[in-house]
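# Survey of secondary and tertiary structure
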Amino acid sequence: MRLIVRLLSTLLGLALAGAGGLLAVEFAWAAWKPGQYALVPWRDWADRLGSVDWTATPTRLVAGALVLLGLILLWAASGARRRDVRLADPAPEVTVTTSPRSLARLVGTRVRAEDGVHAATVTASRAKVRVRASSRLLAKDELRPKVLEVTRTVVTDLPLPRTPKVSVVVASPKERR
């Protein structure tokens, strides 16, 4: 969501900058040659808009589409907040948070340090920690309990108010043959 909001805000900023530049050119042209337009036929547009019936169906459809677009933009902006993982507060005046990426790095470092783990990918959020591990030496039945135990140990050792769910998926090329 944050990417969508960043792209939309960049596009909106560019559009406003372009409109401001266009307006500056139009003002300068109007001061130099009154009664003429430089780039945009403002008077023609004003005449056309003056003849628009505001209760017509196309006008209402455009207005409805703009309201819907505004609601979609509000929804996207409200969903673009940071999703920090809150840690237990050491004091009443102190709030401690970490990013999901930091939590995933911590768990991933500990999982990759285990014997037999060839590679591990970790994604973390406030509610769940997912680990995908693979091994070249160990079978799935040996690797999964090991990775699950390490992951649970790391997660429970952290000062989290609520312990997130732990999900472990393992892959072993030894069993694919």
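As a starting point, this report considers the structure included with it. (Residues numbered from 1 in each chain as written. Predicted model: local features only at pLDDT ≥ 70, side-chain atom pairs only at ≥ 80, totals over all residues. Heavy atoms only, no water.)

## With respect to the overall build of the chain
Keep this limit in mind: Secondary structure elements follow DSSP: runs of H or I of four or more residues count as helices, runs of E of two or more count as strands, with numbering from the N terminus. Throughout this description, buried means an accessible area under 20% of the type-specific maximum (1.4 Å probe, protein chains only), exposed means over 50%, and partly exposed covers the range between. Any pair of residues with heavy atoms lying within 4.5 Å of one another is described as a contacting pair. Note on areas: Shrake-Rupley with a 1.4 Å probe; residue coverage comes only from the protein chains shown. Working convention for charge: Lys and Arg count positive, Asp and Glu count negative, and His plus the chain ends are omitted. Charged side chains are reduced to one point each, which is NZ for Lys, CZ for Arg, CG for Asp and CD for Glu.
The helix and strand inventory of the chain stands at 6 helices and 5 strands. Going through the 177 residues of the chain one by one, you find that 21% of them count as buried. Residue pairs at least 24 apart in sequence account for 49% of intrachain contacts in the chain once pairs closer than 6 positions are excluded. Summing over all exposed atoms, the chain offers an accessible surface of approximately 13,100 Å²; the carbon and sulfur share of this is 61%. On the chain, the mean spot of the 28 positive side-chain charges and the mean spot of the 14 negative ones are 3 Å from each other.

## Re the packing of helix α4 (residues 100-112) against helix α5 (residues 140-157)
Rules: Only the stretch in contact is used when fitting a helix axis, every axis being a line fitted to C-alpha atoms; angles between N-to-C directions are given from 0 to 180 degrees. Each angle is binned into one of four classes, with values under 35 degrees roughly parallel, values over 145 roughly antiparallel, values of 65 to 115 roughly perpendicular, and all other values oblique. Left-handed describes a crossing whose near helix is turned anticlockwise from the far helix through less than a right angle; right-handed describes the clockwise counterpart. When residues are sorted by character, Ala, Val, Leu, Ile, Met, Phe, Trp, Tyr, Cys and Pro go into the nonpolar class, Asp, Glu, Lys and Arg into the charged class, and all the rest, Gly among them, into the polar class.
In contact at an axis separation of 9 Å, α4 and α5 are set at 140° when each is read in the N-to-C sense. Put simply, α4 runs oblique to α5. Of the two elements, α4 crosses α5, and the hand of that crossing is right-handed. Only Val147, Val150, Thr151, Val154 and Val155 of α5 make contact with α4, whose side of the interface consists of Leu106, Val107, Arg110 and Val111. The residue inventory of the contact of α4 with α5, partitioned by class, reads 7 nonpolar, 1 polar and 1 charged.

## Some words on a nonpolar patch on the surface
Note the threshold: Nonpolar side chains (Val, Leu, Ile, Met, Phe, Trp, Tyr) are joined into patches within 5 Å and like charges within 9 Å, using only residues with over 30% relative accessible area and no salt bridge. In the sections that follow, a salt bridge refers to a side-chain nitrogen of Lys or Arg positioned within 4 Å of a carboxyl oxygen of Asp or Glu.
A cluster of nonpolar residues, Ile4, Leu8, Leu11, Leu14, Val62, Leu66, Leu69 and Leu73, forms a patch on the protein surface that exposes about 750 Å² of accessible area. Among the secondary structure elements, those contributing two or more residues to the nonpolar patch are α1 (2-32) and α3 (57-78). In this fold, Leu14 is placed in helix α1. Among the residues examined, Leu14 registers a relative accessible area of 57% and is labelled exposed.

## Considerations on the packing of aromatic side chains
Aromatic ring pairs are described here by two measures, namely the spacing of the ring centres and the angle between the planes. Heads up, the condition is: When two rings of Phe, Tyr or Trp (its six-membered ring) have centres within 6.5 Å they constitute a pair, described as stacked for plane angles under 30 degrees, edge-to-face for angles over 60, and tilted for the intermediate range.
Taken as a whole and assessed by the stated rule, the structure comprises 1 aromatic pair. Consider the rings of Trp29 and Trp32, whose centres lie 5.2 Å apart with planes at 85°: the pair is edge-to-face. Here Trp32 and Trp29 lie together in helix α1, a separation of 3 residues that amounts to about one turn. Residue Trp32 is classed as exposed on the basis of its relative accessible area, which comes to 59%.

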